[in-house]
Amino acid sequence: MQEKGTISIHTENIFPIIKKFLYSDTEIFLRELVSNAIDATQKIKRLASLGQYNGDLGDLRVEVAFDEEKKTITISDNGLGMTANEIKKYINQIAFSGATEFMEKFKEAKDANEIIGRFGLGFYSAFMVADRVEIETLSYQEGAEPAHWTCDGSTEFEISEGSLAERGTEITLHINSESEEFLSKNRLQEILDKYCRFLPVPIKFGTKTESVEDGVDEEGKSKYISVELDNIINDTNPIWTKAPAELKDEDYLAFYKELYPFSEDPLFWIHLNVDYPFNLTGVLYFPKLKKDFEIQRNKIKLFSRQVFITDEVKDIVPEFLMLLHGIIDSPDIPLNVSRSFLQADSNVKKINSYITKKVADKLAELFKSDRKAYEDKWTDIGLFVKYGMVSEDKFYDKAKDFVLLTNTAKENFTLTEYKDKVEGVQTDKDGQLVYIYTNDPSKQDSFIQSANRKGYDVLLMDSPIDTHFVSHLEQKLEKTSLKRVDADVADKLIKKDDAPETVLTADQIEKVKAIFDKSINRPAYKVEVESLHPEELPVTVTMDEFMRRMKDMAAMGGGMGFYGSMPDNYKVVVNGNHKLVSRILQDESEELQSQLAKQAFDLALLSQGLLTGADLTEFVNRSVNLI
Ligand code: ADP
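Cut-offs used in this document
- Sequence order as written defines the numbering, with residues in each chain counted from 1.
- For a predicted model such as this one, the threshold for reporting local features is a pLDDT of at least 70, and the threshold for listing and counting side-chain atom pairs is 80 or more; totals across whole chains, interfaces and linings nevertheless cover every residue.
- The side-chain quantities take in all heavy atoms of the structure and omit both hydrogens and water.
- Starting at the N terminus, helices and strands are each numbered in turn, a helix being any DSSP run of H or I of at least four residues and a strand any DSSP run of E of at least two.
- For the exposure calls, accessible area comes from a 1.4 Å probe over protein chains only, and a residue counts as buried if that area is under 20% of its type's maximum, exposed if over 50%, partly exposed in between.
- Whether two residues are in contact is decided by their heavy atoms, any of which lying within 4.5 Å being enough.
- The method behind every accessible area is Shrake-Rupley, applied with a 1.4 Å probe, and residues are considered shielded solely by the protein chains displayed.
- Between Lys or Arg on one side and Asp or Glu on the other, a salt bridge is scored when a side-chain nitrogen of the former is within 4 Å of a carboxyl oxygen of the latter.
- What makes a patch is a set of residues exposed beyond 30% relative accessible area and free of salt bridges, joined within 9 Å when like-charged and within 5 Å when nonpolar (Val, Leu, Ile, Met, Phe, Trp, Tyr).
- The angle between two axes is taken between their N-to-C directions and runs from 0 to 180 degrees, where each axis is a line fitted to C-alpha atoms and a helix contributes only its stretch in contact.
- Orientation categories follow fixed angle ranges, with anything under 35 degrees roughly parallel, anything over 145 roughly antiparallel, 65 to 115 roughly perpendicular, and all other angles oblique.
- By convention, the crossing between two helices is left-handed when the near helix turns anticlockwise from the far helix through less than a right angle, and right-handed when the turn is clockwise.
- Paired strands, in this sense, are two strands between which DSSP finds at least two bridges.
- Here, expected helix span is obtained from the residue count minus one, scaled by 1.5 Å.
- What the arc describes is the spread of directions from the helix axis to the C-beta atoms.

Caption draft 1: Summary view of the overall build of the chain. Scanning the chain from terminus to terminus reveals 22 helices and 22 strands. Classification of the 627 residues of the chain by burial places 50% in the buried group. Restricting to contacts in the chain with at least 6 residues of sequence separation, those with at least 24 account for 71%. Carbon and sulfur atoms make up 49% of the accessible area of the chain, which totals about 30,400 Å².

Caption draft 2: Representation of the environment of Glu142. Tracing the sequence through the fold places Glu142 in the loop between β4 (130-138) and β5 (147-151). Here the alpha-carbon distance between Glu142 and Gly55, two residues 87 residues apart in the chain, equals 9.4 Å.

Caption draft 3: Local environment of the pattern of salt bridges. The full count for this structure, using the stated rule, is 34 salt bridges. Among the salt bridges present, the one from Arg187 reaches Glu190, with a minimum N-O distance of 2.8 Å. A residue pair is termed a helical-turn pair when its members lie 3 or 4 positions apart in one helix, as Arg187 and Glu190 do in helix α6 (residues 185-196) at three residues. For Asp361, the salt bridge identified is with Lys398, shortest N-O distance 3.3 Å.

Caption draft 4: Spatial organisation of a nonpolar patch on the surface. A surface patch of nonpolar side chains, amounting to about 400 Å² of accessible area, comprises Leu603, Leu606, Leu616, Val620 and Val624. Secondary-structure elements contributing two or more residues to the nonpolar patch are α21 (590-607) and α22 (613-626). Sort the elements by how many residues they give to the nonpolar patch and α22 lands first, with three residues. Its place among the elements puts Leu616 in helix α22.

Caption draft 5: Highlighting the packing of helix α11 (residues 378-391) against helix α15 (residues 466-476). Contact pair α11 / α15: the axes reach a minimum separation of 9 Å and the direction vectors enclose 50°. For the element pair α11 / α15, the angle class is oblique. Helix-helix and strand crossings are classified by hand; for α11 and α15 the assignment is left-handed. Here Lys386, Met389 and Val390 of α11 lie close against α15, whose contacting residues are Asp466, His468, Phe469 and His472.

Caption draft 6: Spotlight on the sheet that holds strand β19 (residues 480-484). Spatially, β18-β17-β19 is the arrangement adopted by the three strands of the open sheet, whose pairing is parallel. The strands lining the two open edges of the sheet, one partner per strand, are β18 (458-460) and β19. Neighbour to neighbour, the strand axes of the sheet diverge by 40° on average, direction disregarded. Lying on the sheet, helix α13 (residues 415-422) is in contact with β17 (433-438) and β18; it crosses β17 at an angle near 105°.

Caption draft 7: Summary view of the pairing of β4. For β4, a buried count of seven out of nine residues is recorded, marking the element as mostly surrounded by other parts of the structure. In this sheet, β5 lies alongside β4 in antiparallel orientation, the contact comprising five bridges. Looking across to β5, one finds that Thr137 is bridged to Ala147.

Caption draft 8: A look at the sheet that holds strand β14 (residues 325-329). Strand order in this open sheet of five strands is β10-β11-β14-β12-β13, and the pairing throughout is mixed. Two strands lie at the open edges of the sheet, namely β10 (268-274) and β13 (307-310), each paired on one side alone. Taken over all neighbouring pairs, the strand axes of this sheet differ in orientation by 20° on average, direction set aside. Relative to β14, strand β12 (residues 300-304) runs parallel, the two sharing four bridges.

Caption draft 9: Region of interest: unusual backbone geometry. Note that the residue after Tyr276, namely Pro277, is joined by a cis bond; omega there is 0°. Despite not being glycine, Gln306 has its phi angle at roughly 70°, a positive value. Gln306 sits in the buried class, given a relative accessible area of 12%. A positive phi angle, near 50°, is found at Asn521, a position not held by glycine. Summarising the element assignment, Asn521 is placed in the loop between α17 (506-520) and β20 (525-530).

Caption draft 10: Here's a closer look at α22. Taking 1.5 Å of rise per residue, the 14 residues of α22 would be expected to cover 20 Å, and the 20 Å separating its terminal C-alpha atoms lies within 8% of that figure. For α22, the set of buried residues is Phe619, Arg622 and Ser623. An end-on view of α22 places all buried positions within 105° of arc, on one side of the element. The exposed set on the far side of α22, more than 90 degrees from its buried face, consists of Ala614, Val624 and Asn625. Looking at the buried side of α22, the elements it contacts are α21.

Caption draft 11: Looking closely at helix α7 (residues 249-259). Taken residue by residue, α7 has Tyr252, Phe255, Tyr256 and Leu259 as its buried positions. On an axial view of α7, the arc spanned by its buried residues comes to 105°, and they lie on one face. Residues of α7 that are buried in the fold lie against β10, β11 (280-286), β12 and β14.

Function cannot be read off these values alone, since they describe shape.
Have a look at this one:
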């Protein structure tokens, strides 16, 4: 019996198109064929449990073997098998109605995954790497005959009697000349590790060679016999499929090491496990974050029923949770759709908020159960919590109770605790609370000391996320503004009614301003004479909070934008009440006046690390002269 027929796709030849467009992703043929094989074994198991199959299940398994000489790769399973009719129904009819539709959809698709999934082309991905594909199969159904199918990648196929004696399916790919890289143990092992490492049915992998003695069937045709199949290559029961109650810390840590062999131990983890209204399992780890968190992204792996799908979970997991490591497994995430569709998908949205809530709950629990331990981990957690608060409102609402503010004395406060602490001293004359922060305590040390002298507390905001976090806090907190410690002289950081009287007359102020303007003589530096406390520095260089923040934002955003293109503008505050200023006024020699003004100005720059190059050299020389 032999039958010839035509694959009904109502168009000439789709395979050259598939091959041509999908070349870069060819390795996924193995994922597709092994997944089909796994499905087949799981289907027979289900049929048995439903009483619809009463035969012996045997040890369900999948085998992947290759033969370098014959240039074949074989994927076999002892699953439910297919009858000839089922082959015609499932394999020969491709699920779309014509070339036009295919080409239309194809234009929107971003990669092979999408095309293959959208059209149910899993099996046909074999033709990306094979000139010819054969199926040998025997259905579990009583009285079923073995069937053999072969196709050379054109729309012509051939069905004939098959030779399998046992239930199951064996798919043989005759690898084409461009794809011979796949006839290598290392390459195949690599692909299996990537996609099949946690599949639920044991997979054996190895080489297949012809056996001379017993490798001949009744008709004298030689047969392939597996002689060297290595041990099972996959972990059929990875921890995320188990109940949390069965697992110990060691299990979670060991799994982490398995996924990320070179990483430090994680701080803690969350076991995800829901089945309604969507199905999701997984384990997410909080890594020890380094300051450069950009490079730590994209470490979450997405699985669907234990098949690895992708490392790109950008549209499934909320942006800020991309810093986490681990895996999530959900059959409810549509895998083969475009990005915008994915973001709009209601399951994805629910999954998104579920994960966010779980993470927030875990952090809240850690904070509550052991505050000391939580504070110890804050350097790592903090970055992440702040990132979450800035990017996700729902997360902010939960995190506002466990986010910590750290001051320069390394003390930690919750938002409420901090408000209580500084309210008395740091409320300005209009009732506005002013929080003061530093992003670089060593550079801004003189400012910090001045602020501390006034009884102000200074917060440490020196992580990359803090620029955003500061603006965000300001929007969220009522009647509160944040100022960097060098945004103004300490006396002016918080506007109060107690400004000290000035000892200078209006004339003298004009004269001081003129002397400094002339000696500094730089357009970016604007001189102002103010009446500060006499113990404050004679000259302070500051940059306006608003201006500086806009520039920081522009710099972080990569592009420079409007504010980015503005030159730096500084305010030079001369302390009219300082002894040095009176002395400059009393001095007769213009030359000396100018030298002293320059010296005071340079000292201000020096204390902020702004004095460099030729200016620094000039300062040193002038200092020597003055001494
Ligand atoms: P999909 O898996 O998305 O349905 P495929 O093209 O990969 O699309 O497979 C088409 C169908 O062929 C499967 O749904 C299944 O019914 C059948 N099939 C493929 N491989 C096997 C196999 N190893 N054993 C039994 N049936 C299979």
